[in-house]
Amino acid sequence: MSAALAQEAEPLIRLRNVSKTYRSGGRAFTAVSNVTMDVRDGDMVALVGPSGCGKTTVLKILAGLHEADGGTVQIGSQASAFTPGRDVGMVFQQALLLKWRTILHNVMLPADILGLPRKAAEARARDLLAMVGLKGFEDKYPYELSGGMQQRAAIARALLHDPKLILMDEPFGALDALTRERMNLEMRRIWRESGKTILFVTHSIQEAVFLGERCAVLTAGPARMAEYFDIDLPADRGLDIKTSDEFGRYVRRIYGLLGFA
């Protein structure tokens, strides 16, 4: 392989035996241990596991909010420098929109924080709102939108400053079941259209299989990575794929890794 091809193949994220222990009141709690994974540029990776297994801790380490206690964390490459504050977008379980700002101005919040040119940021915000299905809602306020629509706005906001990496921490966990299914379909479409690298945390096994091109399974404490594998399903997925044998095999595989089968 040529040097150019080797550089091109270098992953955007490389974690090797990463661990994190929290200490409080003289007691220690291991949040994650021995997390090893590569994430390719433009990948959609699902992190699945029970509540409290360290999924959010992994995201915080990648966002630069926490430092790992052990192992190595490499984000970016020689060909692509990486600045956590500039190159990461985050979406949380709650949309966290500012109630006094319109949807357009909520999406433009990263531009205000980072000092981006306002005219260009507004044009991009309008394009992103159209991409997430909110064209015509630019001048609405958060209380005028449903929970699913608010999360669409939060996704647009995370994309506004054109980050290299999007970290999503159970963004659909507070939605009702039907809205969550629709958002899963939208998330696949948004990922394909944006071309972004996305790490998506969930405790739903079916959601992890449906969304992910790759899946990292984290076990309950002491948290560790049980397996990291490709999900070989069609890129253009409809909800009917959940009834297929292939989908079912991945679901059963994760159940087995988590000790349910």
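See the structure printed just above.
In this report, we go over the structure that sits alongside the text. Everything quoted here is computed from the prediction, not taken from an experiment.

On to the overall build of the protein. Along the protein, the regular secondary structure elements total 10 helices and 9 strands. In terms of overall size, the protein behaves like a compact globule, its C-alpha atoms giving a radius of gyration of 19 Å where 261 residues would be expected to give roughly 18 Å. Along the longest, intermediate and shortest principal axes, the C-alpha atoms of the protein span 55 × 50 × 45 Å. When each of the 261 residues of the protein is scored for burial, the buried share is 49%. Of the contacts made within the protein by residues no fewer than 6 positions apart, 71% connect residues no fewer than 24 positions apart. Of the accessible surface of the protein, which amounts to about 12,600 Å², a share of 51% is contributed by carbon and sulfur atoms. Between the averaged position of the 33 positive side-chain charges in the protein and that of its 30 negative side-chain charges there is a distance of 4 Å.

By definition, the strands of a sheet pair up through backbone hydrogen bonds, in either a parallel or an antiparallel sense. Strand order in the open sheet formed by 6 strands is β5-β6-β7-β3-β8-β9, with mixed pairing between adjacent strands. For this open sheet the edge positions go to β5 (88-91) and β9 (225-230), each flanked by a neighbour on one side alone. Within the sheet, the average angular offset between the axes of one strand and its neighbour, ignoring direction, is 15°. As judged from the 4 bridges shared by β5 and strand β6 (residues 165-169), these two strands associate in the parallel manner. Paired with G89 across the bridge in β6 is I166.

Let us now look at the pairing of strand β1 (residues 13-24). The pairing of β1 with strand β2 (residues 27-39) spans 9 bridges and is classified as antiparallel. Counterpart to R14 in the pairing with β2 is D38. Linking β1 back to β2 in an antiparallel pair, the connection comprises 2 residues, with G25 at a positive phi of about 60°. Bridge analysis of β1 against strand β4 (residues 70-75) gives 5 bridges, and the strand direction is antiparallel. Bridging from a neighbouring strand, R14 pairs with Q74 of β4.

In this fold, T57 is placed in helix α2 (residues 55-62). The contact partners of T57, leaving out residues within four places of it in the chain, are K20, Y22, A31 and V32.

With that settled, the discussion passes to the environment of D112. Its location among the elements puts D112 in helix α5 (residues 109-114). You can call D112 partly exposed: its relative accessible area is 36%. Along the sequence, D112 and N184 sit 72 residues apart, while their C-alpha atoms lie 29 Å from each other. Ignoring any residue separated from it by four or fewer positions in sequence, one finds D112 in contact with R101 and R118. Side chain to side chain, D112 and R118 meet in a polar contact 2.8 Å long.

Take the nonpolar core next. Proteins that are soluble and globular tend to have nonpolar side chains buried together. Counting 51 residues, the largest nonpolar core has I155 and M187 as the members making the most contacts within it. When residues in this core are grouped by element, the largest group, 6 residues, is from helix α7 (residues 147-159). Setting aside residues up to four positions removed in sequence, M187 forms contacts with M44, I155, M168, F172, I198, F200 and L211.

Take the pattern of salt bridges next. Tallied over the entire structure, the rule returns 19 salt bridges. A salt bridge links E193 to R189; its shortest N-O distance comes to 3.2 Å. With a gap of 4 residues between them, E193 and R189 both fall in helix α8 (residues 177-194), about one helical turn apart. The exposure class assigned to E193 is partly exposed, which follows from its relative accessible area of 48%. Its salt-bridge partner being D230, residue R214 comes within 2.9 Å of it at the nearest N-O pair. Linking R214 in strand β8 (residues 214-218) with D230 in strand β9, this pair joins segments that are 16 residues apart in sequence.

Strand order in the open sheet made by the 3 strands is β2-β1-β4, with antiparallel pairing throughout. Among the strands making up the open sheet, the edge pair consists of β2 and β4. For this sheet, the mean angle separating the axes of adjacent strands, direction not counted, is 30°. Relative to the sheet, α2 contacts β1, β2 and β4, its axis offset from that of β1 by approximately 110°.

The next subject is the packing of α7 against α8. The packing of two helices is summarised by the inter-axis angle and the distance between the axes. At their nearest, the axes of α7 and α8 sit 11 Å apart, and the two run at 20° to each other. Relative to α8, the element α7 is oriented roughly parallel. Remark: the crossing between α7 and α8 carries right-handed chirality. Here G148, Q151, R152, I155 and L159 of α7 come into contact with α8, specifically with T179, M183, E186, M187, I190 and S194. Tallied by class, the residues present in the contact of α7 with α8 amount to 5 nonpolar, 4 polar and 2 charged.

Each value, and the rule that gives it
- Residues numbered from 1 in each chain as written.
- Predicted model: local features only at pLDDT ≥ 70, side-chain atom pairs only at ≥ 80, totals over all residues.
- Heavy atoms only, no water.
- Helix = DSSP H or I, 4+ residues; strand = E, 2+ residues; numbered from the N terminus.
- Rg over C-alpha atoms; globule rule 2.2 N^0.38 Å.
- Buried < 20%, exposed > 50% of the residue type's maximum accessible area, 1.4 Å probe, protein only.
- Contact = heavy atoms within 4.5 Å.
- Areas by Shrake-Rupley, 256 points an atom, 1.4 Å probe, with all protein chains shown as cover.
- Lys, Arg positive; Asp, Glu negative; His and termini not counted.
- Charge placed at Lys NZ, Arg CZ, Asp CG, Glu CD.
- Pairing = 2+ DSSP bridges.
- Axes fitted to C-alpha atoms, helices over the stretch in contact; angles between N-to-C directions.
- Polar contact = N/O pair within 3.5 Å; in protein donor to acceptor, adjacent residues only side chain to side chain.
- Core = buried A, V, L, I, M, F, W, Y, C linked by side-chain atoms within 4.5 Å.
- Salt bridge = Lys/Arg side-chain N within 4 Å of Asp/Glu carboxyl O.
- Parallel < 35°, antiparallel > 145°, perpendicular 65-115°, else oblique.
- Left-handed = near helix turned anticlockwise from the far one by under 90°.
- Nonpolar A, V, L, I, M, F, W, Y, C, P; charged D, E, K, R; others polar.

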